[in-house]
Amino acid sequence: MIYLDYQATTPLAPEAREAMLAWLGGPESGTFGNPHSPHRMGRAAAAAVELAREQVAALFPPGGQVIFTGSATEALNLAIRCNTPVRAGEHTAFSAIEHAAVIDTVKAIGNWTELPVGPNGVIAPDVEMPKYVGLLCVMQVNNEIGTIQPIADMARRAKETGALLLVDGVQAAGKMALPQQADMIAVSAHKLHGPKGIGALWVRDGLSLTPHIEGGGQEQGLRSGTLSPALCAGFGAAAKLAVERRDEDAGHVEQLWHIARDAFSGWTLNGSAEHRWHGNLNIRKDGLDVARLMSECREVMFSAGSACASGSGRTSHVLRAIGLSDAQAKSSIRLGWGRYTTREGMQRACKLIIQAAESQA
Ligand code: PLP
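Cut-offs and rules
Residues numbered from 1 in each chain as written. Predicted model: local features only at pLDDT ≥ 70, side-chain atom pairs only at ≥ 80, totals over all residues. Heavy atoms only, no water. Near = heavy atom within 4 Å. Polar contact = N/O pair within 3.5 Å; in protein donor to acceptor, adjacent residues only side chain to side chain. Areas by Shrake-Rupley, 256 points an atom, 1.4 Å probe, with all protein chains shown as cover. 1 Å grid on protein atoms, 1.4 Å probe; cavity = no way out; pocket = protein on both sides within 12 Å on 5 of 7 lines; lining within 4 Å. Sits in = over half its atoms within 2 Å of the grid points. Pairing = 2+ DSSP bridges. Helix = DSSP H or I, 4+ residues; strand = E, 2+ residues; numbered from the N terminus. Axes fitted to C-alpha atoms, helices over the stretch in contact; angles between N-to-C directions. Contact = heavy atoms within 4.5 Å. Buried < 20%, exposed > 50% of the residue type's maximum accessible area, 1.4 Å probe, protein only.

(A) Examining the site of the ligand more closely. If you check the shell around the ligand, you find Ser71, Ala72, Thr73, His99, Met139, Asn143, Asp168, Val170, Gln171, Ser188, His190 and Lys191 and nothing else. Contacts to the ligand include Ala72, whose backbone N or O atom sits 2.8 Å from an oxygen atom. In the model, an oxygen atom of the ligand is placed 3.5 Å from a nitrogen or oxygen of the His99 side chain. Expressed as a share of its isolated accessible area of 390 Å², the protein-covered part of the ligand is 89%. Because more than half of its atoms lie within 2 Å of the grid, the ligand is assigned to the largest pocket.

As C-alpha cells, this is what we get:
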C-alpha cells in the first residue's frame, strides 16, 4: 500500500504515539488524572498538557496564546463565531478557495464577501476588498491544489480596512513558518503527524474572544470541557518533531516533487507550480475516468481532484474557482506526500497510475 493522500491526513509519528501511550494508562498507572483536578495526579496531567501547549506554541509566531480545540474546524468556528467584529454584524471576507470549515461557518452567520483567486490559485494582492470588513479569512496553503497565498499582502489589506486577519494554517503548520501578521491561526494535529481529534487556535495577545463552549471554564474560559492529556501530548510531540525536522522534511518533499513532476510531465498541473507547497500535485488529463483509475490502482491511496475535500460529495469549489470546467475538474487527481513517503514508493505509485491511465486510451 502506498499512501499519497497527505492533505487528507498524515500517519501518526512513532514519537507522537509514544508520547500518547504514556497518558493512556489503566487503574494502576497513575496517569489517568483529570488535568483540571488539583491533586497530584491531576497536576501531573496538567503539566503534560502545558508542556504540549509550549511545544505546539513553537509552531506559531511569538506573542500569542494557544487554545486547544477538538479539530481545526472547531478552531475556525471559535475564531469566526466568537470575535467582536463578526458579532457586531460586520462583513467577513474570505478567499474563494477556503476550506468548507471557513466558508460554511461564515455563510451561516451572514454578511460575507467572497474574494476571487486567479487561474493560478492565488489571490491577487490588489483584489477588491469591501469597505466594511471586520474579519478577513485567508488560508496559507490550499488543501486541494497546494497553492500558497500572499499572507503579508492580505495582512496589509486587512490593516487598511481595520479588519482582523484569520489564517487557516492547517496545511502549512510544521512545514513552513506561520505568519507573524495574523491575528488568529487555526491548525490541526493530524495534518502534521499528530493524532486526530485535536486542533488549536492561536490568538494574538490582547485580542479577546467570547466563549465558544460554556461549562467548566477550561482553555481561558473559551472552550470548556476536559482536555485529553494523551491527545495533547501526541500533538505536542508531533509539533516538536515538525519544528526540529522542518528543513529535512522539506528537502525530502522537494525530491519527491521532482520525481512526481517528471513522471506526470504530460499532464496539466492545476494551480501554480511556483507558489505551491511541493508536497501536493493536483493534475488532470483530458478524458480521464478518475473513478475507474482509482478502482484500478487500489494499491495507491490518492484522491479524486474533483471531490470536495470535506467528503460532502460536492464538486470541488477550488477547481471551479480557478476556472476549470466540470469535465476538467472531473479528470483531475490529487497526490500528496511527506515525511514517510519513500522514493521507491513514489516511483512505483507514479508508474501504476500512469499505466492505468494509459490503458484507458
Ligand atoms: N482547513 C484545511 C485547509 C484543511 O485541509 C482541513 C482538513 O482537511 C481543515 C481546515 C479542517 O481540519 P480538521 O480535520 O482538523 O477539522
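(B) Up close: the sheet that holds strand E8 (residues 199-204). Reading across the sheet, the seven strands line up as E2-E8-E7-E6-E5-E3-E4 and stay open at both edges, with mixed pairing between neighbours. At either margin of the open sheet sits one strand with a lone partner, and together these are strand E2 (64-69) and strand E4 (112-115). Along the sheet, successive strands turn relative to each other by an average axial angle of 20 degrees, direction set aside. Here strand E3 (residues 91-95) runs beside strand E5 (residues 133-139); their pairing, made up of four bridges, is parallel. By the bridge assignment, His91 is partnered in E5 with Val133. Running at roughly 175 degrees to E5, helix H6 (residues 151-161) makes contact with E5 and strand E6 (164-168) of the sheet.

(C) Expanded view of unusual backbone geometry. Even without being a glycine, His193 presents a positive backbone phi close to 70 degrees. When you line up the elements, His193 lands in the loop between strand E7 (184-188) and E8. Positive phi is not limited to glycine here, since Glu219 has a value of about 50 degrees. For Glu219, a relative accessible area of 7% translates into the label buried.

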